[in-house]
Amino acid sequence: MTQDTPPALDGHDLKSRALRDLVARGHVNQCSDVKGLDARLAQGRLTVYGGFDATADSLHVGHLMPIMTLRRLQQAGHKPIVLIGGGTTRIGDPSFRSEERPMLSDAQIAANIAGIREVFARYITFGDGPADAILVNNADWLDRLDLLAMLRDVGRHFSVNRMLSFDSVKARLDRPESLSLLEFNYTLLQAYDFLELFRRQGCRAQIGGGDQWANIVTGIDLTRRVTGQTVFGLTAPLLTTASGAKMGKTAAGAVWLNADRLPPEGLWKFWRTTEDADIGRFLRLFTDLSLDEIALLESLEGTEREDAKEILANEATALAHGDDYD
């Protein structure tokens, strides 16, 4: 895998229920090996992880793409791992950012982790069953790394030339703000997470947002080089509304998923004011309604579209806050 570009999904006869559903609902933008991942998903239970850095004490609507992807995979019988980046948050992911993230103290990171943990259990089932999710913190292994051993055993597998070719890196190099060595090494640490989860949990796939593509394929390559095993990567599109606004952002700021940051009625109003052109897309992505039900709602015209928006608001808010949110 030598390019920071997505292989195409078109033309594949998908065999697995999970990947068919993800594609039909609009969750898939890039995949490292569509045929290979589809065959592996069809073969039986697959362990898949998604990572979330603790940059705030709540997640927001923009995080729902990877969360819902993990939810769909679990509904199809696969096992999710939710990785909280207690270690990587200390650096901050520089991908497609115009400047370095603010440095957070250990106390701030711990408080943020406490705030975001509760969100995942509303969407994903945790427990001890074969397909139950587990939650891990990459500080458990990153904090124990020895620098010289890391450079010798892991760093030797990375090509700086290749890393400089990533779109996420070039976007920063073309700006007046410098890209620090600290940030540059974020990709190495995320790749190591994938390798570590493969070793610890038999995890064979990582999901993330479209801005994570370079980090994900680097982890795939590292795992292959170190273990000789094939693992997979899948990214969701970075969503904007039909009018071009960034998904989950309003004039008042982020649309938070924790009730102490945004009351449930605020989240409900966010979904209720969805643009007409986004009704079907958001129903597919952010609710559990069947595709047939969604097709009917998407076909409504005139004032009946307001009914579809209300259903979207009810369903999406109930996922975030429970059926008795009001």
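What comes next is a walk through the structure.

1. Some remarks on the overall build of the protein chain
When helices and strands are counted, the protein chain shows 15 helices and eight strands. Taken over C-alpha atoms, the radius of gyration comes to 20 Å for the protein chain, in line with the 20 Å a tight globule of 326 residues would show. On the principal axes, the C-alpha backbone points of the protein chain span a range of 65 × 45 × 40 Å. By residue count, 50% of the 326 residues in the protein chain fall in the buried class. For the protein chain, restricting intrachain contacts to residue pairs at least 6 apart in sequence, the fraction spanning at least 24 positions comes to 79%. Accessible surface, the protein chain: about 15,100 Å² in total, of which carbon and sulfur atoms supply 49%.

2. Brief notes about the pattern of salt bridges
Throughout the structure, instances matching the rule amount to 18 salt bridges. A salt bridge links Arg-224 to Asp-221; its shortest N-O distance comes to 2.5 Å. Here Arg-224 pairs with Asp-221, and both are found in helix H11 (residues 213-227), just three residues apart, close to one helical turn. Since its relative accessible area comes to 8%, Asp-221 is described here as buried. Each of the salt bridges in this network shares a partner with another, and the network as a whole consists of Arg-162, Asp-221, Arg-224 and Arg-225.

3. Structural notes on the sheet that holds strand S2 (residues 47-53)
Here six strands make up an open sheet; going across it, the order is S1-S6-S5-S2-S3-S4 and the pairing mixed. One side of each edge strand has no neighbouring strand; the edge strands of this open sheet are strand S1 (30-31) and strand S4 (134-137). Looking at chain direction, S2 and strand S5 (residues 205-209) are connected through three bridges and run parallel. Of the residues in S5, the one forming a bridge with Tyr-49 is Gln-206. Together, S1, S5 and strand S6 (232-236) form the strand contacts of H11, whose direction differs from that of S6 by roughly 170°.

4. Quick word on the packing of aromatic side chains
Two descriptors summarise a pair of aromatic rings, namely the distance from one centre to the other and the angle between the planes of the rings. For the structure on display, the rule yields six aromatic pairs. Between Phe-270 and Trp-271 the ring centres are 5.1 Å apart and the planes differ by 70°, which places this aromatic pair in the edge-to-face class. Between Trp-271 and Phe-282, the aromatic rings sit 6.1 Å apart at their centres with planes inclined by 85°, giving edge-to-face as the arrangement. Residue Trp-271 is found in helix H12 (residues 264-272), and its partner Phe-282 is found in helix H13 (residues 279-286); the two are separated by 11 residues along the sequence. For Trp-271, a relative accessible area of 1% gives the class buried. Taking the relative accessible area as the measure of exposure, Phe-282 reaches 2% and is therefore buried. The rings of Phe-270, Trp-271, Phe-282 and Phe-286 are connected pair by pair, giving a single aromatic cluster. The ring of Trp-256 has Arg-261 sitting right over it, with the charged end atom 4.0 Å from the ring centre.

5. Points about helix H1 (residues 17-25)
Turning to H1, its buried residues number three or more, namely Ala-18, Leu-19, Leu-22 and Arg-25. Taken end-on, H1 shows its buried residues confined to a sector of 140°, consistent with a single buried face. The inward-facing, buried residues of H1 contact helix H2 (34-43), helix H3 (64-75), S6, H13 and helix H14 (291-298).

6. A word on the packing of H12 against helix H15 (residues 304-321)
Helices that pack against each other are described as a pair by the angle of their axes relative to one another and the distance between those axes. Where H12 contacts H15, the axes come no closer than 8 Å and their chain directions differ by 145°. Classified by chirality, the crossing of H15 by H12 is right-handed. Residue-level inspection shows Pro-264, Leu-267, Trp-268, Trp-271 and Arg-272 of H12 in contact with H15, the latter providing Glu-306, Lys-309, Glu-310, Leu-312, Ala-313, Asn-314, Ala-316, Thr-317, Ala-320 and His-321.

7. Thoughts on the pairing of S6
For S6, the buried fraction is high: five of the five residues fall into the buried class. Judged by which residues are buried, S6 turns out to be covered on both faces: Phe-232, Leu-234 and Ala-236 on one side and Gly-233 and Thr-235 on the other are all buried. For S1 and S6, the ladder comprises two bridges, and the chain directions are antiparallel. Each residue of the ladder has a partner; that of Gln-30, found in S6, is Thr-235. The sheet contact formed by S5 and S6 spans five bridges and is parallel. Bridge pairing links Gly-208 to Thr-235 in S6. After leaving S5, the chain enters H11 and then returns to the sheet as S6, a path that is right-handed.

8. Here's the deal with a negative patch on the surface
Negative charge collects at one region of the surface, where Asp-292, Glu-293, Glu-315, Asp-323 and Asp-324 lie side by side. Looking at the secondary structure, you find Asp-323 in the segment after H15. You can call Asp-323 exposed: its relative accessible area is 72%.

9. Some points on the nonpolar core
Core analysis: the biggest nonpolar cluster contains 61 residues, and Val-61, Tyr-123, Trp-271 and Phe-286 have the highest contact counts within it. Setting aside residues no more than four positions away along its own chain, Phe-286 makes contact with Leu-64, Met-65, Met-68, Arg-72, Leu-239, Met-247, Trp-271, Ala-316 and Leu-319.

What counts as what
Residues numbered from 1 in each chain as written. Predicted model: local features only at pLDDT ≥ 70, side-chain atom pairs only at ≥ 80, totals over all residues. Heavy atoms only, no water. Helix = DSSP H or I, 4+ residues; strand = E, 2+ residues; numbered from the N terminus. Rg over C-alpha atoms; globule rule 2.2 N^0.38 Å. Buried < 20%, exposed > 50% of the residue type's maximum accessible area, 1.4 Å probe, protein only. Contact = heavy atoms within 4.5 Å. Areas by Shrake-Rupley, 256 points an atom, 1.4 Å probe, with all protein chains shown as cover. Salt bridge = Lys/Arg side-chain N within 4 Å of Asp/Glu carboxyl O. Pairing = 2+ DSSP bridges. Axes fitted to C-alpha atoms, helices over the stretch in contact; angles between N-to-C directions. Phe/Tyr/Trp six-rings, centres within 6.5 Å; stacked < 30°, edge-to-face > 60°. Lys NZ or Arg CZ within 6 Å of the ring centre and 35° of its normal. Arc of directions from axis to C-beta. Left-handed = near helix turned anticlockwise from the far one by under 90°. Right-handed = clockwise from strand over helix to strand, strands pointing away. Patch = residues over 30% accessible without salt bridge, like charges linked within 9 Å, V, L, I, M, F, W, Y side chains within 5 Å. Lys, Arg positive; Asp, Glu negative; His and termini not counted. Charge placed at Lys NZ, Arg CZ, Asp CG, Glu CD. Core = buried A, V, L, I, M, F, W, Y, C linked by side-chain atoms within 4.5 Å.

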